[in-house]
Amino acid sequence: ASAATTTSNAPIVVGGDGDLAISAGVAQGFQAGIYRFNKAGGLDGRKIQFTGFLDDGFSPQTNLTNAQQLVQNKHVMVVAPFLSQVATATTGSYLAENKTPFIGWSVNAAFATQPKWGFGINGNQGNPDVQGLAGMQQVLSATGNTKSPGKMKMAFIAENIPGGITANDALASVAKFVGMKVVYQESPIAVVGTTDYAPYAQAIISSGANAVYEVLASADSIGLSAALKSAGFKGTVYNGVTYYPGQLNSQPNEAAALNGVYVENEFPANENNTPAVKQAEKDLQSIGQKPYLTSGVSVGYWSAIVLEQMLKATLASVGGDPNKVTGTALQKTVTGGFTYTDPIAGGIGSETFPAAETVPTGCGTLVLTTGTTFKQIAPFQCLGAVNVATQTKINPATGKPA
């Protein structure tokens, strides 16, 4: 057969690695994301074979041994979805040395160390110098302070781990860029085992803050929100992780803690109701899952959709022979200049490499927790990024000043 009509049955083996504490549902999201691709025959006959998602339990060492297991025992072509608060440069370097691309949520040192092998689905979220603008712009808009940002006295609080400290610094810098006052910025919370949040709530209230941004994992975000309420905090509370559609009905304590809390979701929410969101809901139902785009499900789902587009671009770049689509070929295709566009309108938005190796796409949805449901305050939108060191706006498509 000619190269143009070559097909192969060799599967494209993929496995995930990261923490399930923050991203429950990530494996199911990925399975939903590959459902239609595989049903349609995959990449000219090569279907994606998902070996599952290995939980690192917030252990950097386990994150590395998971990666080694995927490469040495599972013989994966790509590690996806890849996400973890604790993944280190060692894991990134190991995957790069073994010519294994990894795709997922770029919020750790593995992506930072190996941007030519680690591909974030919403750009580089872990670059302390360049941060997305959607979150803080939407916060200003929601509180009616777009023209008076100085009225926002922000407290930023994170876990005491490198990723948390970096993210806290970066978000506080964006807040300053848009004109907010930062009155508290600390990373004191132990990543495992914290149960008493009252001292942190008191420290925030003492700072005079009228808004709190929790740069925290889910359990800590919920715990601190509850402590702020019981301490009488009257300001607004934001986090990026407690978007739990369909789950608060059965969790009355969580619902009470989160009622009135804003969630800055880096992905499209169910409430967006775009064609891509509706398709994602159908895909989840097709594999027997509930149609809720939690952050974990979203990371898994969009990692699959991005991977599929990268595979198709790689197939074209190797002359149409699916047997020549390897991890190395995919890496060469993406780093050589690749633009992801949503195959169905209303997904995560465009992403261009190599700019996305250093710059986040700067997108988000702002929702408000009301009882056991969520109200969309700002739809998913991409508002660009800012270099917090030089205080200049950056175009995510070029990586250069806008």
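Everything numeric in this text was worked out from a predicted model, so none of it was measured.

Some remarks on the sheet that holds strand β4 (residues 102-104)
For step 1, the next point in the chain: Across the sheet, five strands lie side by side as β2-β1-β3-β4-β5; this open sheet has parallel pairing. Each edge of the open sheet is held by one strand with a lone partner, namely β2 (48-55) and β5 (118-120). For this sheet the average axis-to-axis angle between neighbouring strands, irrespective of direction, equals 25 degrees.
For step 2, the next point in the chain: Bridge count between strand β1 (residues 12-18) and β2: six bridges; the pairing is parallel. The residue bridging G18 from the neighbouring strand is D55, located in β2.

Topic: the sheet that holds strand β17 (residues 392-394)
For step 1, the next point in the chain: Strand order in this open sheet of three strands is β6-β16-β17, and the pairing throughout is antiparallel. Two strands in the sheet have a free side with no partner beyond their single neighbour: β6 (130-132) and β17. On average, adjacent strands in this sheet sit at an angle of 35 degrees to one another, irrespective of strand direction.
For step 2, the next point in the chain: Bridge analysis of strand β16 (residues 385-387) against β17 gives three bridges, and the strand direction is antiparallel. Bridge pairing links A385 to I394 in β17.

Quick notes on the nonpolar core
Nonpolar side chains in soluble globular proteins tend to be buried together.
For step 1, the next point in the chain: In terms of nonpolar packing, the biggest core is built from 45 residues, with F30, I48, W302, L307, M310 and L311 touching the most fellow members.
For step 2, the next point in the chain: When contributions to this core are tallied by element, the ones reaching two or more residues are β1, α1 (26-39), β2, β3 (78-83), α10 (275-286), α11 (295-317), α12 (327-335) and β12 (338-340).
For step 3, the next point in the chain: Of all the elements, α11 adds the most residues to this core, at eleven residues.
For step 4, the next point in the chain: Residue contacts for F30: discarding those within four places in its chain leaves V14, I48, F50, A80, P81, G300, Y301, S303, A304 and L307.

Concerning the pairing of strand β10 (residues 236-239)
For step 1, the next point in the chain: For strand β9 (residues 211-215) and β10, the ladder comprises four bridges, and the chain directions are parallel. Looking at β10, one finds that V212 is bridged to V237.
For step 2, the next point in the chain: Where the polypeptide runs from β9 across helix α8 (residues 218-230) and back to β10, its parallel neighbour, the crossover connection is right-handed.
For step 3, the next point in the chain: Both β10 and strand β11 (residues 262-265) contribute to a ladder of two bridges, which runs parallel. Each bridged residue has a counterpart across the sheet, and for Y238 the counterpart in β11 is Y262.
For step 4, the next point in the chain: At this point the chain moves from β10, through helix α9 (residues 252-258), to the parallel β11, and the crossover so formed is right-handed.

The rules behind each value
- Residues numbered from 1 in each chain as written.
- Predicted model: local features only at pLDDT ≥ 70, side-chain atom pairs only at ≥ 80, totals over all residues.
- Heavy atoms only, no water.
- Pairing = 2+ DSSP bridges.
- Helix = DSSP H or I, 4+ residues; strand = E, 2+ residues; numbered from the N terminus.
- Axes fitted to C-alpha atoms, helices over the stretch in contact; angles between N-to-C directions.
- Core = buried A, V, L, I, M, F, W, Y, C linked by side-chain atoms within 4.5 Å.
- Buried < 20%, exposed > 50% of the residue type's maximum accessible area, 1.4 Å probe, protein only.
- Contact = heavy atoms within 4.5 Å.
- Right-handed = clockwise from strand over helix to strand, strands pointing away.

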